[in-house]
Amino acid sequence: MIEYSEKSKTFVLRGKNYAYIMYVGASGFLQHVYYGKALRAEDTAYLLQTYGAPHEPQTRDGWSDGCLNELPSEYAFFGRGDYREPTVTAARQDGARMSRFCYVSHTVQKGAPALSGLPHARTADETLCIVLQDDFSPLQIKLFYAVSDNTDILARHAELINTGKEDLRIEKAFSFCVDLPDDAFDILRLHGNQTMERTPERMPLGHGITRLHSLRGASSHQMNPFAALLRRDCTETQGECYGFQLVYSGSWAITAEVHNADTVRMQGGINDTAFNALLASGQTLVLPQALLAYSCHGLGELSRAYARFIRTRIMPPRWANASRPIVVNNWEATYFDFSYDNLFPIIDEAAECGADTFVLDDGWFGKRDKDDSSLGDWTVHTGKLPQGLTPLIDRCKQNNIKFGLWFEPEMICEKSELYRAHPDWAIGKAGQPPYRSRSQLTLDLTRKEVVDHVFEAVGKILRENEISYVKWDMNRSVSEFYSHTLPAERQGEFAHRYILGVYDLAERLTSAFPHVFFEGCASGGGRFDAGMLYYFPQIWTSDNTDAYERARIQWGTSVCYPLAAMSCHVSACPNHQTGRTTPLHSRGAIASLGATGYELDLSKLTEQEKATVREQIRAYKEVETDVLQGDVYRLLDPFAGDRFCMMTVRADKTAAYVVGEGLRAVPNGYRKDAFVRLQGLNENKTYRIAECNVTASGAALMRFGVALPQLFDYQCFVWHIAEVRAKR
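In this report, we go over the structure that sits alongside the text. Keep in mind that this is a model prediction, so the values were computed, not measured. (Residues numbered from 1 in each chain as written. Predicted model: local features only at pLDDT ≥ 70, side-chain atom pairs only at ≥ 80, totals over all residues. Heavy atoms only, no water.)

Considerations on the side chain of Glu624
Line of reasoning, step 1. Relative to the elements of secondary structure, Glu624 occurs in helix 13 (residues 607-629).
Line of reasoning, step 2. There is no salt bridge for the buried Glu624, and the closest opposite charge comes from Arg324, which lies 6.6 Å off by N-O distance.
Line of reasoning, step 3. Sequence-distant contacts of Glu624, that is, excluding residues within four places in its chain, are made with Ser323 and Arg324. (Helix = DSSP H or I, 4+ residues; strand = E, 2+ residues; numbered from the N terminus. Buried < 20%, exposed > 50% of the residue type's maximum accessible area, 1.4 Å probe, protein only. Lys, Arg positive; Asp, Glu negative; His and termini not counted. Salt bridge = Lys/Arg side-chain N within 4 Å of Asp/Glu carboxyl O. Contact = heavy atoms within 4.5 Å.)

Right under this line is the structure:
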């Protein structure tokens, strides 16, 4: 709900449990007033008296020294008495950059705004658009706030418009700014590395600027485009917290600035390092959307708000509530060394075990026998597959399963026909040796002809073959940030233009082939973000498939993403990333907390192991809806102790699914986590946990808990919880 008072020039935005309040002061500045737990309407007047600068001057130049430096702004300007970081900086023809943004007008429209060329929330009840104008330049700013009554997510973005006749150079362009009145917070980030993605790290927020960012041309393994502010007493189940997540997959930044007055300013958007954009007369720069979230019931409730929103409003609607393919992928089974002879048995066993899709991974194209050639040559490797893909597709059809294929559309190898024909299509500066990673370069997707070529090349394979699943990989970061075709004055736009090219390609392919299920991947989880989830309903969570490591990775990922977004596979042991051996039952249990699948040679399993896989797939199908659509509760933190436990609860509270793992066995002695308190159940319902032979009320299960089994290293348990209905 969006309310506006003409008398006080106050905007009140209300979601499911929050209120967001701002107003236009006497000087014409759009000022932030409040963001937090929903308030009564009559409390707004009190807030304006308390935080709304009741004695502010009637003119913009009437402020005394230092006052503007404490002004809570909705979009911060540069200079003119505010010495904190600005949200945007624009250089005029004379080189001046000072700015002062003042309210011009506003409109309220039904539905969600459509961001040209950028992923965004697909639905909203209402959208507020506030127009600001710079006092000193022709820069006009439109601030968009998309609000819905049944969610705690506020979707924000900005658009910059040059209303003058001369060019403006935009040197910083963040999407949002929120000034909070105190700094009594910890900051939570999701850091990591390749095969170690999205590790939660919580630390006190200190004075100065805390900056999270990526300069890799992708959201990155190293830092996810998300931050949360948590009150010091905030836990999983109680306390106040705020989330800030970008719907963006390129180089990004989020900053938290604690001011000398002990206030905090949160901002974020396109990474401003080496960024600048030329905004010609009449031109508009649309900035990425940010998802702001508020919870007064702990981090867990914040996570569930994000999960519901991304699943139902960001992901492709066709897949929001749909079953996912249960995939068998050949990569760790064969790597590059495959032929019909060793793929056919895997396909046969995939069908026998109950999987519904076989995916052929890297190595099927060009002359690719190792990772140093052929990226860009999307034609079948007839040395390996002399009859093309048809025999594999036919084998799948004979087994009543579907066929999928791996691509890395954004990349090119110097050993390729494409590179020999178009060496300038690779990102790099002529005369300077390129930076190589995994023996590959990156295609310049800022160029329309390159995007067109990749679309046609990939599209040709999809049109000519019966393919139902695509794994879209991206195995290196962008490094050169230079295009042969961009003029010098626009090279600072390269990183943003690159990701716009990725989005354009993804939009065209997913639209042209709506029957194909697209899974995102970036050397595992190197581009796991809400931007890519707009096009791909799930993402390969990590190349690390070890059951111990995956419990931690999936725990961290669940902080701001739904389980439905996570592609989770069972792989062989000893694990190819860690060398660790974990029970097959445990690998299946951890993989069941997402879109499950298998990454091994099923034909080499023992009969007992095959029986286990068949049972895992059968059991997964029974809980798939609860896993992909249920509310997630994190019970035992694998980063804080030697146990992991997570549960999903059906929306109507009639069923739940629990998976736990022992990470390190401790013999003898009293254990503080000998019982686990369940969450999310209905206190007044009675539930049965078959595996424990327990029947109890939801209140008892949540307040007193359930006894944990004795677990040795890497052993898992699974509980199926169902409501016991009274007999009539």
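Right, picking up where we left off after that structure.
Describing the pattern of salt bridges
Line of reasoning, step 1. Here the structure, examined in full by the defined rule, presents 57 salt bridges.
Line of reasoning, step 2. Glu85 is the partner of Lys172 in a salt bridge, and the nearest nitrogen-oxygen pair spans 3.7 Å. Of the two residues, Lys172 sits in strand 10 (residues 168-180) while Glu85 sits in the loop between helix 1 (43-51) and strand 5 (88-91), which places them 87 residues apart along the sequence.
Line of reasoning, step 3. With a relative accessible area of 5%, Lys172 lands in the buried category.
Line of reasoning, step 4. The salt bridge partner of Arg436 is Glu414, with a shortest N-O separation of 2.7 Å. Of this pair, Arg436 sits in the loop between helix 7 (417-421) and strand 25 (441-442) while Glu414 sits in the loop between strand 24 (411-412) and helix 7, and the two are 22 residues apart along the sequence.
Line of reasoning, step 5. Residues joined in a network through salt bridges with shared partners are Asp362, Arg368, Asp371, Glu408 and Arg438.

As for the sheet that holds strand 22 (residues 357-360)
Line of reasoning, step 1. One closed barrel accounts for 8 strands, arranged 21-22-23-26-27-28-29-30; its pairing is parallel. The sheet shows a mean angle of 30 degrees between the axes of neighbouring strands, direction not considered.
Line of reasoning, step 2. Relative to strand 23 (residues 402-407), helix 6 (residues 390-398) is tilted by about 145 degrees, and along the sheet it contacts strand 22 and strand 23.
Line of reasoning, step 3. Strand contacts of helix 12 (residues 584-591): strand 29 (566-571) and strand 30 (595-599), with the helix running at about 170 degrees to strand 29, the strand carrying the most contacts. (Pairing = 2+ DSSP bridges. Axes fitted to C-alpha atoms, helices over the stretch in contact; angles between N-to-C directions.)

Focus: the side chain of Asn465
Line of reasoning, step 1. As for its placement among the helices and strands, Asn465 is situated in the loop between helix 8 (448-464) and strand 26 (469-472).
Line of reasoning, step 2. For Asn465, a relative accessible area of 16% gives the class buried.
Line of reasoning, step 3. At 3.0 Å, the side chain of Asn465 forms a polar contact with the backbone oxygen of Ile461.
Line of reasoning, step 4. Asn465 has contacts with Leu389 and Ile393, leaving out every residue within four places of it along the chain. (Polar contact = N/O pair within 3.5 Å; in protein donor to acceptor, adjacent residues only side chain to side chain.)

Some details on unusual backbone geometry
Line of reasoning, step 1. The residue after Cys573, namely Pro574, is reached through a cis peptide bond having omega 0 degrees.
Line of reasoning, step 2. If you trace the backbone, Pro574 turns up in the loop between strand 29 and helix 12.
Line of reasoning, step 3. Its identity is not glycine, yet Tyr335 carries a phi of approximately 50 degrees, on the positive side.
Line of reasoning, step 4. The residue Tyr335 is located in the loop between helix 4 (331-334) and helix 5 (340-353) in this model.
Line of reasoning, step 5. Residue Tyr335 is classed as partly exposed on the basis of its relative accessible area of 32%.
Line of reasoning, step 6. Positive phi, close to 60 degrees, is recorded for Asn400, a residue that is not glycine.
Line of reasoning, step 7. Following the sequence through the fold, Asn400 ends up in the loop between helix 6 and strand 23.

Here's the deal with helix 11 (residues 547-557)
Line of reasoning, step 1. Within helix 11, 10 of the 11 residues are buried, leaving the element largely enclosed by the surrounding structure.
Line of reasoning, step 2. All of the buried residues along helix 11 are Ala547, Tyr548, Glu549, Arg550, Ala551, Ile553, Gln554, Trp555, Gly556 and Thr557.
Line of reasoning, step 3. In this structure Asp546 caps helix 11, since a side-chain oxygen of it lies 3.0 Å from the backbone nitrogen of Tyr548.

A word on the pairing of strand 16 (residues 252-258)
Line of reasoning, step 1. For strand 16, the tally of buried residues reaches 7 of 7 residues, placing the bulk of the element in the interior.
Line of reasoning, step 2. Sheet topology places strand 13 (residues 208-214) next to strand 16; 7 bridges connect them, and they run antiparallel. If you follow Gly208 over to strand 16, its bridge partner there is Val258.
Line of reasoning, step 3. Inspection of the sheet shows strand 16 paired to strand 17 (residues 264-270) by 7 bridges, in the antiparallel sense. Residue Thr255 lies in a different strand from strand 17, and its bridge partner there is Gln267.

Digging into the sheet that holds strand 3 (residues 18-24)
Line of reasoning, step 1. Reading across the sheet, the 4 strands line up as 1-2-3-4 and stay open at both edges, with antiparallel pairing between neighbours. For this open sheet the edge positions go to strand 1 (2-5) and strand 4 (30-37), each flanked by a neighbour on one side alone. Going across the sheet, the axis of each strand differs from the next one's by a mean of 15 degrees, ignoring polarity.
Line of reasoning, step 2. Both strand 1 and strand 2 (residues 10-14) contribute to a ladder of 4 bridges, which runs antiparallel. From the neighbouring strand, Ile2 faces strand 2, where its bridge partner is Leu13.
Line of reasoning, step 3. Running over the sheet, helix 1 touches strand 2, strand 3 and strand 4 and is turned about 125 degrees from strand 4.

Looking at the environment of Gly630
Line of reasoning, step 1. Summarising the element assignment, Gly630 is placed in the loop between helix 13 and strand 31 (631-636).
Line of reasoning, step 2. Sequence separation between Gly630 and Ile467 is 163 residues, and the spatial gap between their C-alpha atoms is 30 Å.
Line of reasoning, step 3. When sequence neighbours within four positions are dropped, the list of residues in contact with Gly630 reads Thr625 and Val649.

Observations concerning the packing of aromatic side chains
Line of reasoning, step 1. Throughout the structure, instances matching the rule amount to 37 aromatic pairs.
Line of reasoning, step 2. Measuring from centroid to centroid gives 6.1 Å for Tyr35 and Tyr294, while their planes differ by 50 degrees, and the two rings are tilted. Taken together, the positions of Tyr35 in strand 4 and Tyr294 in strand 20 (residues 289-295) put the pair 259 residues apart, joining distant regions of the chain.
Line of reasoning, step 3. On the basis of relative accessibility, which here comes to 3%, the residue Tyr35 falls in the buried class.
Line of reasoning, step 4. Classification of Tyr294 by relative accessible area gives buried; the value is 3%.
Line of reasoning, step 5. Ring plane angle 45 degrees and centroid distance 6.2 Å describe the contact between Tyr75 and Phe101, whose orientation is recorded as tilted. A residue pair is termed long-range when its members are at least 10 positions apart, and Tyr75 in the loop between helix 1 and strand 5 and Phe101 in strand 6 (residues 101-110) qualify at 26 residues. (Phe/Tyr/Trp six-rings, centres within 6.5 Å; stacked < 30°, edge-to-face > 60°.)

Re the nonpolar core
Line of reasoning, step 1. Counting 198 residues, the largest nonpolar core has Leu160, Leu360 and Trp364 as its most contacted members.
Line of reasoning, step 2. Contact partners of Leu360, with chain neighbours within four places excluded, come to Asn330, Phe338, Leu343, Leu385, Leu389, Leu392, Phe403, Gly404, Leu405 and Trp406.
Line of reasoning, step 3. In terms of nonpolar packing, the next biggest core, distinct from the first, is built from 22 residues, Tyr633, Met702, Leu708 and Trp719 among them. (Core = buried A, V, L, I, M, F, W, Y, C linked by side-chain atoms within 4.5 Å.)

Digging into helix 8
Line of reasoning, step 1. Along its 17 residues, helix 8 runs 24 Å from first to last C-alpha, staying within 8% of the 24 Å computed at 1.5 Å per residue.
Line of reasoning, step 2. Among the residues of helix 8, those classed as buried are Val450, Val451, Val454, Phe455, Ala457, Val458, Gly459, Ile461 and Leu462.
Line of reasoning, step 3. Considering only its buried residues, helix 8 is in contact with strand 23, strand 26, helix 9 (494-512) and strand 27 (517-520). (Expected span 1.5 Å × (residues − 1).)

Some thoughts on the packing of helix 12 against helix 13
Line of reasoning, step 1. Closest axis-to-axis distance for the helix 12/helix 13 pair is 10 Å, and the angle between their directions is 20 degrees. Considering the angle they form, helix 12 stands roughly parallel to helix 13. Here helix 12 runs over helix 13; the crossing is right-handed. Where helix 12 abuts helix 13, its residues Leu584, His585 and Gly588 lie against Glu609, Thr612, Val613 and Gln616.
Line of reasoning, step 2. Here the contact of helix 12 with helix 13 is built from residues that sort into 2 nonpolar, 4 polar and 1 charged. (Parallel < 35°, antiparallel > 145°, perpendicular 65-115°, else oblique. Left-handed = near helix turned anticlockwise from the far one by under 90°. Nonpolar A, V, L, I, M, F, W, Y, C, P; charged D, E, K, R; others polar.)

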